[in-house]
Amino acid sequence: MRVLRGLSGIVAGGMFVLALVVVGTAVIAARRDFPGPGGESVTWHVTASMVGVGAQIFSDRHRGFAAFSGSMVVFIVAGLLLWTQWWS
């Protein structure tokens, strides 16, 4: 279970960093009158990051099936974010 929680922690951290990059890109693009990620994309990334980090904290504080469930939420949210904002 530690390996699964560790891997989901890396994914949650990656989503957080990705959200920071998207928000930063949106701010820079707006200041320079350059097309960047829109408000919908920023909202998706920030929301997914908050849900993923929250689920990871839950997973780290619990054991057994609850920890497994929290880790799976992180993977599902990351998959949804990648699918809706990057691949399609």
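Everything below is about the structure printed above this text.
It should be emphasised that the depicted structure is a prediction, and the values quoted were computed from it without experimental measurement.

How each quantity is defined
- Residues numbered from 1 in each chain as written.
- Predicted model: local features only at pLDDT ≥ 70, side-chain atom pairs only at ≥ 80, totals over all residues.
- Heavy atoms only, no water.
- Helix = DSSP H or I, 4+ residues; strand = E, 2+ residues; numbered from the N terminus.
- Buried < 20%, exposed > 50% of the residue type's maximum accessible area, 1.4 Å probe, protein only.
- Core = buried A, V, L, I, M, F, W, Y, C linked by side-chain atoms within 4.5 Å.
- Expected span 1.5 Å × (residues − 1).
- Contact = heavy atoms within 4.5 Å.
- Polar contact = N/O pair within 3.5 Å; in protein donor to acceptor, adjacent residues only side chain to side chain.
- Salt bridge = Lys/Arg side-chain N within 4 Å of Asp/Glu carboxyl O.

K.L.:
Tell me about the overall build of the protein, and name the residues and values.
P.N.:
The number of helices and strands found in the protein is 3 helices and 0 strands. Secondary structure elements in the protein, listed N-terminal to C-terminal, are α-α-α. Judged by the C-alpha coordinates and their principal axes, the protein covers about 50 × 25 × 15 Å. Of all 88 residues assigned to the protein, the portion counted as buried reaches 27%.

K.L.:
Account for the nonpolar core, with residues named and values stated.
P.N.:
Grouped together as the largest cluster of nonpolar side chains are 8 residues: Ala12, Met15, Ala48, Ala55, Val74, Val77, Ala78 and Leu81. For this core, the secondary structure elements donating two or more residues are α1 (2–31), α2 (39–61) and α3 (65–87). Counting residues per element, this core draws most heavily on α3, at 4 residues.

K.L.:
Which residues make up α1, and what are the values?
P.N.:
Spacing of three or four residues puts side chains on the same side of an α-helix, whose turn is 3.6 residues. The end-to-end C-alpha distance of α1, which contains 30 residues, comes to 43 Å, matching closely the 44 Å that a straight helix rising 1.5 Å per residue would cover. Among all positions of α1, only Arg5, Ser8, Ala12, Met15, Ala19, Val22, Ala26 and Ala29 are buried. Looking at the buried side of α1, the elements it contacts are α2 and α3. Looking one or two residues past α1, Asp33 carries a phi angle of roughly 50 degrees, positive in sign.

K.L.:
So what's going on with the side chain of His45? Residues and values would help.
P.N.:
Looking at the secondary structure, you find His45 in helix α2. For His45, a relative accessible area of 1% gives the class buried. Side chain to side chain, His45 and Trp86 meet in a polar contact 3.0 Å long. Beyond its immediate stretch of four places on either side in the chain, His45 contacts Leu18, Ala19, Val22, Leu81, Gln85 and Trp86.

K.L.:
Break down the pattern of salt bridges for me, citing the residues and quoting the values.
P.N.:
Applying the stated criterion to the full structure yields 1 salt bridge. Between Arg5 and Asp60 there is a salt bridge, with its nearest N and O atoms 3.7 Å apart. Residue Arg5 is located in helix α1, and its partner Asp60 is located in helix α2; the two are separated by 55 residues in the primary sequence. A relative accessible area of 15% places Arg5 in the buried class.

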